[in-house]
Amino acid sequence: LNSRAGLRGFVDAAFDHLAGTLKGQTPQVRAEMTEVFGNRMPRWQLWDEIHSHTIWTAGQTVANFRKHGMVPPAFSFF
């Protein structure tokens, strides 16, 4: 993960894996409640949170803020 190509490959593989998992889920499974960090939420919302987190971290938002000497904005799943 120490190169642009390596990071891109990792992110692509992660999204491909998750897309395959999502395709296999029924609407009923997505509506089921789950618990994450002590918070209960429907599974569909968990997918949304994972996607948002990936954009912030793998998308290099935080790294670019730090590179330019700025404090990155706070991020919270909830």
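Residues numbered from 1 in each chain as written. Predicted model: local features only at pLDDT ≥ 70, side-chain atom pairs only at ≥ 80, totals over all residues. Heavy atoms only, no water.

**Section: the pairing of strand E1 (residues 33-36)**
The side chains of a regular strand alternate between both faces of the sheet. Note the threshold: Burial classes follow relative accessibility: with a 1.4 Å probe on protein chains only, a residue under 20% of its type's maximum area counts as buried, one over 50% as exposed, and anything between as partly exposed. Strands are runs of DSSP state E lasting at least 2 residues, helices are runs of H or I lasting at least 4, and numbering of each runs from the N terminus. For two strands to count as paired, DSSP must find a minimum of two bridges between them.
Here E1 shows a clear split, with Thr-34 and Val-36 buried on one side and none of Met-33 and Glu-35 buried on the other. With 4 bridges joining them, E1 and strand E2 (residues 39-42) adopt antiparallel strand pairing. Bridge pairing in E2 places Glu-35 opposite Arg-40. What sits between E1 and E2 in their antiparallel hairpin is a turn of 2 residues, with Phe-37 showing a positive phi close to 50°.

**Observations concerning the side chain of Thr-34**
The following threshold applies: For this analysis, residues touch if any pair of their heavy atoms sits within 4.5 Å.
Examined against the element boundaries, Thr-34 turns out to sit in strand E1. Residues in contact with Thr-34, not counting those within four places in the same chain, are Asn-39, Arg-40, Met-41, Arg-43 and Leu-46.

**Topic: unusual backbone geometry**
A positive phi angle, close to 50°, is found at Phe-37, a residue other than glycine. Mapped onto the elements of the fold, Phe-37 is located in the loop between E1 and E2.

**Considering the pattern of salt bridges**
Here is the rule we go by: Criterion for a salt bridge: a side-chain nitrogen of Lys or Arg within 4 Å of a carboxyl oxygen of Asp or Glu.
This structure, assessed with the given rule, holds 1 salt bridge. A salt bridge links Glu-32 to Arg-43, with the nearest nitrogen and oxygen atoms 3.2 Å apart. Here the residue Glu-32 occupies a position in the loop between helix H2 (27-31) and E1, and Arg-43 occupies one in helix H3 (residues 43-57), the gap between them amounting to 11 residues. For Glu-32, a relative accessible area of 37% gives the class partly exposed. According to the relative accessible area criterion, Arg-43 is partly exposed, its value standing at 28%.

**Thoughts on the confidence of the model for the protein**
Selection criterion: Per-residue confidence from the prediction method is given by pLDDT, with values spanning 0 to 100.
Within the protein, residue pLDDT values average 82, and 90% of them lie at 70 or more. Model confidence for the protein, summarised as mean pLDDT per element, is weakest for helix H4 (residues 61-67) at 78 and strongest for H2 at 93.

**Side note on the environment of Leu-46**
Along the chain, the position of Leu-46 falls in helix H3. On a C-alpha basis, the gap between Leu-46 and Met-33 in space is 9.6 Å, while along the polypeptide they are 13 residues apart. Discounting residues that sit within four places of it in the chain, Leu-46 has contacts with Thr-34, Val-36 and Met-41.

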